[in-house]
Amino acid sequence: MLRQFFGQAQDNKNTKVAQGSLMLGIAIHLSILILSIQQIDGEKLSLTFVLATLAWLVSASMYMLNKLIKNIVFLPIVCFLSALFVFLHLIFPATTGIDSSMNSGVIAHITLSILAFGILGISMLYALQLSYINYQLKHKRKTMLHSDLPPLLLVEDILYKLMLLGTLILAASLISGFVFVPNMFAEGYAHKTTLSTVALLTFISALIFHHKKGLKARHAIIVNVVGIAFLSLAYFGSRIVQEVIIG
């Protein structure tokens, strides 16, 4: 799988085994999440549960994209992080965070926020692959002659579509927050609102610049990394302090 990401051909048997193993892993991952929800019984969801849920969303999305688009590969880091977050959730099943008794508007806001993070996280992975393919082409590496990597333009097209979709959902999550959350700048919400807005403006600026002049591969990866960093701080910054440091 790692060799495939870097464009080295693999035989069909090994590819089928890797895909079958990943499908089994995704199914087990989902089963653990469902069992965890049943055991929570109306209490609050933990940081580790949210991370595990995001990891499943990314893994499942990458798997479905691989089925639909030839040569879209699974990054080994996705599988590793999914396994890590599931392990942490099983070891540290804390119950502080998202309150399941919230009204439907707030739940919609949280769901949109998680979905936006997952989609933009996937776009960051495509930005990494785009950067690698672009590097190989610029340096005229011989390995590209017998490479299983997808075409540069295909990866670029998927990347910006994911960025656009993620940005729209992130904007919708912020709008729903201002509508359904009593005070988005109250204590405990202010840093989330501010950092999420900065992330949104970062992605919007990049998309506008790309539409007008085109965004280079290295700039695309910088935008995605910076945007995800802001969202990570917004979503998990205070929760890491509360659940991990304070305990």
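Use the structure listed above.
Position labels on residues start from 1 in each chain and follow its written sequence. Under the rules for a predicted model, residues below a pLDDT of 70 receive no local features and side-chain atom pairs below 80 are neither given nor counted, while totals for whole chains, interfaces and linings still include all residues. Values reported for side chains reflect all heavy atoms of the structure, with hydrogen atoms and water molecules removed beforehand.

A. Structural detail: the overall build of the protein. Numbering of helices and strands starts at the N terminus; helices are DSSP runs of H or I of at least 4 residues and strands are runs of E of at least 2. A count of helical and extended segments in the protein gives eight helices and two strands. Going residue by residue from the N terminus, the α and β elements of the protein occur as α-α-β-α-α-β-α-α-α-α. For each residue, the accessible area found with a 1.4 Å probe, counting protein chains only, is set against the maximum for its type, and the residue is called buried under 20%, exposed over 50%, and partly exposed in between. A total of 247 residues make up the protein; the buried ones form 40% of that total. Once local pairs closer than 6 in sequence are excluded, the contacts in the protein between residues at least 24 apart make up 78%. The accessible surface values rely on the Shrake-Rupley method and a 1.4 Å probe; as for residues, cover is taken only from the protein chains in view. Carbon and sulfur atoms form 70% of the exposed surface of the protein, whose accessible area is close to 13600 Å². Only heavy atoms enter the contact rule, under which two residues are in contact if any of them lie within 4.5 Å.

B. Representation of the packing of helix H6 (residues 152–180) against helix H7 (residues 190–212) in the model. For helices, the fitted axis covers only the stretch in contact; all axes are lines through C-alpha atoms, and the angles between them, taken along N-to-C directions, range from 0 to 180 degrees. Remark: H6 packs on H7, axes separated minimally by 10 Å, with the N-to-C direction vectors making an angle of 145°. Judged by the sense of rotation from one axis to the other, the crossing of H6 with H7 is left-handed. Across the interface between the two elements, Glu156, Tyr160, Met163, Leu164, Thr167, Leu170, Ala171, Leu174 and Phe178 from H6 touch Thr193, Ser196, Thr197, Ala199, Leu200, Phe203, Ile204, Ala206, Leu207 and His210 from H7. Residue classes follow a fixed rule: Ala, Val, Leu, Ile, Met, Phe, Trp, Tyr, Cys and Pro count as nonpolar, while Asp, Glu, Lys and Arg count as charged, and any other residue, Gly among them, counts as polar. Its residues assigned to classes, the contact of H6 with H7 comprises 13 nonpolar, five polar and one charged. If you view the pair so one helix is near and one far, a crossing is left-handed when the near helix is turned anticlockwise from the far one by less than a right angle, and right-handed when it is turned clockwise.

C. Seen up close, the packing of helix H5 (residues 104–138) against H6. As a packed pair, H5 and H6 sit with axes 7 Å apart at the nearest point and diverge in direction by 160°. One finds that H5 runs roughly antiparallel with respect to H6. Crossing hand, H5 versus H6: left-handed. Grouping the amino acids of the contact of H5 with H6 by side-chain chemistry returns 23 nonpolar, eleven polar and one charged. Every angle not falling under 35 degrees, over 145, or within 65 to 115 is termed oblique; those three ranges are roughly parallel, roughly antiparallel and roughly perpendicular.

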